[in-house]
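Chain residues, written in single-letter form:
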Amino acid sequence: YVPQFLIKRDAVPGIKNTITLTIDRAGTYSGQCAEFCGLLHSEMRFSIRAVEPAAFDAWLRQQGGGS
């Protein structure tokens, strides 16, 4: 769950789900697991780095993808 995005989607094994959203500002956004899922629940943190489209395209080319 990333509070700044105001949207949450649960991951369910065997079920594919998607989220479409637009991030208006480049930056790093913190997230964490939003459901009690086990002993290490409090350690399930992550970050999302949102960049400008040109920076993403350059990164994608470096990875060998994109055109």
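Shown above is the structure to which this text applies.
My aim in this report is to walk through the structure given alongside it, one point at a time. Every value quoted in this text rests on a predicted model; they were computed, and no experiment measured them. (Residues numbered from 1 in each chain as written. Predicted model: local features only at pLDDT ≥ 70, side-chain atom pairs only at ≥ 80, totals over all residues. Heavy atoms only, no water.)

**A closer look at the overall build of the chain**
Phase 1: Of the regular secondary structure elements, the chain holds one helix and two strands.
Phase 2: Along the chain, helices (α) and strands (β) appear in the sequence β-β-α when read from the amino end.
Phase 3: Taken against the 2.2 N^0.38 rule, which gives 11 Å for 67 residues, the C-alpha radius of gyration of the chain at 15 Å runs more than 25% over that of a compact globule.
Phase 4: Taking the principal axes of the C-alpha coordinates as reference, the chain spans close to 40 × 25 × 20 Å.
Phase 5: Taken across its 67 residues, the chain has 9% of its residues classed as buried.
Phase 6: Contacts in the chain between residues at least 24 apart in sequence constitute 39% of all its contacts with a sequence separation of at least 6.
Phase 7: Of the roughly 6,000 Å² of accessible surface on the chain, 54% is carried by carbon and sulfur atoms.
Phase 8: Looking at charge distribution, the chain has the averaged site of its 7 positive side-chain charges lying 3 Å from that of its 6 negative ones. (Helix = DSSP H or I, 4+ residues; strand = E, 2+ residues; numbered from the N terminus. Rg over C-alpha atoms; globule rule 2.2 N^0.38 Å. Buried < 20%, exposed > 50% of the residue type's maximum accessible area, 1.4 Å probe, protein only. Contact = heavy atoms within 4.5 Å. Areas by Shrake-Rupley, 256 points an atom, 1.4 Å probe, with all protein chains shown as cover. Lys, Arg positive; Asp, Glu negative; His and termini not counted. Charge placed at Lys NZ, Arg CZ, Asp CG, Glu CD.)

**Here we look at the environment of Ala34**
Phase 1: Here Ala34 is to be found in the loop between β1 (27–32) and β2 (45–50).
Phase 2: Taking the C-alpha atoms as reference, Ala34 lies 5.7 Å from Tyr1; in sequence the two are 33 residues apart.
Phase 3: Not counting chain neighbours up to four residues away, the residues in contact with Ala34 comprise Tyr1, Lys8 and His41.

**Re the side chain of His41**
Phase 1: Among the structural elements, His41 can be located in the loop between β1 and β2.
Phase 2: Overall, the relative accessible area of 19% leaves His41 in the buried class.
Phase 3: A polar contact is formed between the side chain of His41 and the backbone oxygen of Glu35, at a distance of 2.7 Å.
Phase 4: Once residues within four sequence positions are removed from consideration, His41 is found in contact with Cys33, Ala34, Glu35 and Phe36. (Polar contact = N/O pair within 3.5 Å; in protein donor to acceptor, adjacent residues only side chain to side chain.)

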